[in-house]
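# Observations on the model geometry
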Amino acid sequence: MSDRTELSQLGEFGLIEHLTKDLKTTQASTIKGVGDDAAVIDRGDHYELISTDMLVEGVHFDMSYTPIKHLGYKAVSVNLSDIYAMNGTPTQITVSIAVSSRFPIEAMDELYSGISEACERYDVDLVGGDTTSSLTGLIISITAIGSVAKEDVTYRSGAQEHDLVCVSGDLGGAYIGLQILEREKEVWKENPNVQPDLEGFDYVLERILKPEPRADVIAVLKEQGIKPTSMIDISDGLGSELLHLCKQSDCGVRIYEEKIPIDASTAAQCQEFGLEPSVCALNGGEDYELLFTVRQSDFEKISKVKEVVIVGHISDKASGAATVYPQGEEIQIKAQGWKSF
Ligand code: ADP
Ligand code: MG
């Protein structure tokens, strides 16, 4: 009998590593292949950036509570986020969809109006794609193309001991927004006559349904003359992204729990669900904020950037990655992230 290894034994990151570990690149223009938020290609006077992300119905979104226009907007947002995470500027996207006959043309029009709105907002051109049928759900795969000056490109791998660890915006909101949507879905399933009660949850619902990539943060850093030493976008939770950054940069990290930025409405909702806000920030996903490191000498400059907070510092590799709690207790950061398999 032939051997069979379940995908669940590897998980997403293990599977990617397994499939790509023997890949070799031969083109002189391939500066960075697999392993960062986007591939980096030498175009002579600048680097081109390319990144792909796919959203699958039932895995990444649930049509019963996702406005399809928002879904289109989000599909673009999450791709652009990876281009910004390289310190770049997105310029074009391609959009591929697999769609079942369950969806009328009007729904596809709505999807595209969301896609167009995001393209307009972030000044990118939709330049192609592919359309095919699907037996059941909707699948959207977007490829984003961008560019960056060679001296500005920022990888996951550049963090060094003593660098300051920074996070934009606030975290955990998307996760708690999703919990609210799931809760209302259960109520609705039991009694379809009850209207969902989503009043007062605007912020966290917007975080999950219509995230904005942090173009503004990239612009402010440039304005302030700050070049991050490393950067990644926060798609799978702060904990998981910190581990990526440490692995690629060959370092450890200390994050101070009380410094993790949490919005007041996120904190209030966490309490309702009996969840610790910092746990939602570390292990929840889909915030699409930026996690980056800067040299200590940039402390004053970064302190002036209101969109960003310093949450900790880079430590040596042997010390590992840990969250420090107010009483001094250190808890090792574990990857949670993706559990689709
Ligand atoms: P992100 O969360 O930033 O979108 P991912 O975790 O999806 O990044 O991917 C990590 C890296 O692995 C990226 O460089 C991506 O291009 C690469 N990658 C993901 N899936 C595959 C695949 N099936 N084949 C080759 N490379 C892949
Ligand atoms: Mg990313």
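This one's a predicted model, so the numbers in the text were calculated from it and none came from an experiment. (Residues numbered from 1 in each chain as written. Chains lettered and ligands numbered in written order. Predicted model: local features only at pLDDT ≥ 70, side-chain atom pairs only at ≥ 80, totals over all residues. Heavy atoms only, no water.)

### So, helix H7 (residues 238-249)
Formally: Counting from the N terminus, the helices are the DSSP runs of H or I reaching at least four residues and the strands are the DSSP runs of E reaching at least two. Here, expected helix span is obtained from the residue count minus one, scaled by 1.5 Å. For every residue, the accessible area obtained with a 1.4 Å probe (protein chains only) is divided by the maximum for its type, and the residue is called buried under 20%, exposed over 50%, and partly exposed between those limits.
The terminal C-alpha atoms of H7, which comprises 12 residues, lie 16 Å apart, in line with the 16 Å expected from a rise of 1.5 Å per residue. Counting buried residues along H7, nine of its 12 residues qualify, which places the element largely inside the surrounding structure. Turning to H7, its buried residues are Leu 238, Gly 239, Ser 240, Glu 241, Leu 242, His 244, Leu 245, Cys 246 and Ser 249.

### Some remarks on the domain arrangement of the chain
Test applied: Throughout, the edges of the domains are those of an automatic or database domain assignment. Whether two residues are in contact is decided by their heavy atoms, any of which lying within 4.5 Å being enough. Defined in terms of a 1.4 Å probe, buried area is the accessible area two parts forfeit on being brought together, summed over both.
Assigned domains of the chain: these are domain 1 (7-148) and domain 2 (164-332). Computed over C-alpha atoms, the centres of domain 1 and domain 2 are 22 Å apart. Taken together, the contacts link 29 residues of domain 1 with 27 residues of domain 2. Between domain 1 and domain 2, the buried area comes to about 2,200 Å², and carbon and sulfur atoms account for 54% of it.

### Comments concerning the site of ligand 1
Condition: We define proximity as follows: a residue is near a molecule or strand when any one of its heavy atoms falls within 4 Å of that partner. For this analysis, a polar contact is any N or O atom pair within 3.5 Å, provided that within protein one partner can donate a hydrogen and the other can accept it, and provided that sequence-adjacent residues contribute only side-chain to side-chain pairs. Shrake-Rupley sampling with a 1.4 Å probe provides the accessible areas, and residues are treated as covered by the protein chains on show and by no other component.
Taken together, Glu 12, Phe 13, Ile 16, Thr 20, Val 34, Gly 35, Asp 36, Asp 37, Asp 53, Asp 82, Arg 156 and Ser 235 make up the full set of residues near ligand 1. A distance of 2.8 Å is found between an oxygen atom of ligand 1 and a backbone nitrogen or oxygen belonging to Gly 35. Between ligand 1 and the protein, one listed contact pairs an oxygen atom with a side-chain N or O atom of Asp 53 at 3.5 Å. Against a free-state accessible area of 560 Å², the protein chains account for coverage of 63% of ligand 1. Among the elements that take part in the shell around ligand 1, helix H1 (residues 7-20) stands out by supplying four residues, more than any other.

### Overview of the packing of helix H2 (residues 68-84) against helix H3 (residues 105-121)
Let me state the cut-off plainly: Interaxial angles span 0 to 180 degrees and are taken between N-to-C directions of axes, which are lines fitted to C-alpha atoms, for helices over the stretch in contact. Should an angle lie under 35 degrees it is considered roughly parallel, over 145 roughly antiparallel, and from 65 to 115 roughly perpendicular; all remaining angles are considered oblique. Less than a right angle of anticlockwise turn of the near helix away from the far helix marks a crossing as left-handed, whereas a clockwise turn marks it as right-handed. Lys, Arg, Asp and Glu make up the charged group, whereas Ala, Val, Leu, Ile, Met, Phe, Trp, Tyr, Cys and Pro make up the nonpolar group; the residues left over, Gly among them, are polar.
Direction vectors running N to C along H2 and H3 enclose 40°, while the axes themselves pass 7 Å from each other. Judged by the angle between their axes, H2 and H3 are oblique. For the pair H2 and H3, the sense of crossing is right-handed. Of the residues in H3, those in contact with Ile 68, Lys 69, Leu 71, Gly 72, Tyr 73 and Val 76 of H2 are Ala 107, Met 108, Glu 110, Leu 111, Ser 113, Gly 114, Ile 115, Glu 117, Ala 118 and Arg 121. In terms of residue class, the contact of H2 with H3 is made up of nine nonpolar, three polar and four charged.

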